[in-house]
Amino acid sequence: RFIAKPCAINLGIQDSGPHRAQPNAILEKVFTSITKSPDGKRLEGLSKQLDWDVRKIQRWFRHRRNQDKPTTLTKFCESMWRFTFYLSIFFYGIRFLWTAPWFWDTRQCWYNYPFQPLTSRLYYYYILELAFYWSLMFSQFTDIKRKDFLIMFVHHLATIGLITFSYMNNMVRVGTLVLCLHDASDFLLEAAKLANYAKYQRLCDAFFMLFGVVFIVTRLGIYPFWILNTTLFESWELIGPYPSWWLFNGLLITLQFLHIIWSYLIIRTAYKALVRGKVSKDDRSDVESSSEEEDVTSNSTKGVFSTSSNGSNRVNGHVASGQWTEE
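For clarity, every value in this text was computed on a predicted model and none was experimentally measured.

1. Comments concerning the overall build of the protein chain
Alright, step 1. Broken down by element type, the protein chain carries 12 helices and zero strands.
Alright, step 2. The linear arrangement of helices and strands in the protein chain, starting from the amino end, is α-α-α-α-α-α-α-α-α-α-α-α.
Alright, step 3. Looking at the protein chain as a whole, 50% of its 327 residues qualify as buried.
Alright, step 4. Within the protein chain, contacts between residues at least 6 apart in sequence are counted, and of these 76% link residues at least 24 apart.
Alright, step 5. Surface accessibility of the protein chain: about 16400 Å² in total, with carbon and sulfur atoms responsible for 63%.

2. A word on the packing of helix 2 (residues 25-33) against helix 3 (residues 40-50)
Alright, step 1. Running from N to C, helix 2 and helix 3 cross one another at 160 degrees; their axes reach a closest spacing of 11 Å. Comparing their axes, helix 3 and helix 2 come out roughly antiparallel. Here helix 2 runs over helix 3; the crossing is right-handed. Contacts between helix 2 and helix 3 involve Ile-26, Leu-27 and Val-30 from the first element and Arg-42, Leu-46, Gln-49 and Leu-50 from the second.

3. Topic: the pattern of salt bridges
Alright, step 1. Under the counting rule described, the total for this entry stands at four salt bridges.
Alright, step 2. Residue Glu-237 is joined to Arg-107 by a salt bridge in which the shortest nitrogen-to-oxygen separation is 3.2 Å. Of this pair, Glu-237 sits in helix 10 (residues 201-238) while Arg-107 sits in the loop between helix 6 (101-104) and helix 7 (120-139), and the two are 130 residues apart along the sequence.
Alright, step 3. Since its relative accessible area comes to 24%, Arg-107 is described here as partly exposed.

4. Topic: the environment of Leu-228
Alright, step 1. In this structure, Leu-228 sits in helix 10.
Alright, step 2. Sequence separation between Leu-228 and Ile-253 is 25 residues; the distance between their C-alpha atoms is 7.9 Å.
Alright, step 3. For Leu-228, the residues in contact, after removing those within four places along its chain, are Tyr-223, Phe-233, Leu-252 and Gln-256.

5. Describing the packing of helix 8 (residues 149-168) against helix 11 (residues 243-276)
Alright, step 1. The geometry of helix 8 relative to helix 11 is characterised by a closest axis approach of 10 Å and an angle of 145 degrees between their N-to-C directions. Between helix 8 and helix 11 lies a crossing whose hand is left-handed. In contact with Ile-151, Met-152, Val-154, His-155, Ala-158, Thr-159, Gly-161, Leu-162, Phe-165 and Ser-166 of helix 8, helix 11 contributes Ser-244, Leu-247, Phe-248, Leu-251, Leu-252, Thr-254, Leu-255, Leu-258, Ile-261 and Trp-262.
Alright, step 2. When the residues that make up the contact of helix 8 with helix 11 are grouped by side-chain class, the tally is 14 nonpolar, six polar and no charged.

So, how was this worked out
- Residues numbered from 1 in each chain as written.
- Predicted model: local features only at pLDDT ≥ 70, side-chain atom pairs only at ≥ 80, totals over all residues.
- Heavy atoms only, no water.
- Helix = DSSP H or I, 4+ residues; strand = E, 2+ residues; numbered from the N terminus.
- Buried < 20%, exposed > 50% of the residue type's maximum accessible area, 1.4 Å probe, protein only.
- Contact = heavy atoms within 4.5 Å.
- Areas by Shrake-Rupley, 256 points an atom, 1.4 Å probe, with all protein chains shown as cover.
- Axes fitted to C-alpha atoms, helices over the stretch in contact; angles between N-to-C directions.
- Parallel < 35°, antiparallel > 145°, perpendicular 65-115°, else oblique.
- Left-handed = near helix turned anticlockwise from the far one by under 90°.
- Salt bridge = Lys/Arg side-chain N within 4 Å of Asp/Glu carboxyl O.
- Nonpolar A, V, L, I, M, F, W, Y, C, P; charged D, E, K, R; others polar.

So far we have only geometry, and geometry alone does not tell us how the molecule works.
Below, the structure written as structure tokens:
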């Protein structure tokens, strides 16, 4: 409210919503009670009932759907908040872990376990991360429903479960490594979305490519060979298996499966960017172009993806040609 909004206004981002649909009681009733995307048969029936052209009714439903979506200013503020948190907590974690012996030797995570002291810095690091992920869990139900809703729901459940479970079982040392590793790429995605909303397309593409590289290296490289190696093998060797060992590693392996899915989506988006010469729409997007029917009828002469500032993202929406940005 006091930082992100003034920044957005200075960058020329307006607090203007999408084009509002023409008031119509019949169409509004269909939209709210029956369907938000009527099929051809229903469109024909409404066309006869209202004496409207079918394309006009399609346009009305498109405008009505976009009408409920947040403005670019709102999405910019949300992304700036997340960028601030991810960046701050990442550097806090790096500064804290730099002097921690288990950062350099993961076997230290299991020496004298479970009789390891919980310092105040460890405690606050854990509580901040847990509070943030709980906020994401709740806000997911009030945000626009996206195509990766189920994946994100499972991710938040696994993350909250891991943080809580590792804290209760005093596995906080390896827990800090997991948290810091996941924060390494998140702020880059939010930075890319900020550049996207501000219409700095080249900066947006650069941040996204950097995010993709860091994400794949940390989630498909460092995570399995550094984190899973110590939780699966080093812990087995030093303290042996125990009941909670199976649950803890089960949650960590669940995260790894999610990493593989997201890496696939990122690689596919990057491939499309290389083919088309720019970063295009994210495959998780629920974006609706404001000129989708016009593009179809004009044989897509304006390109594969039209430009609009009315859509939503995966994470939070898009503007201009950078329609990939989703969380």
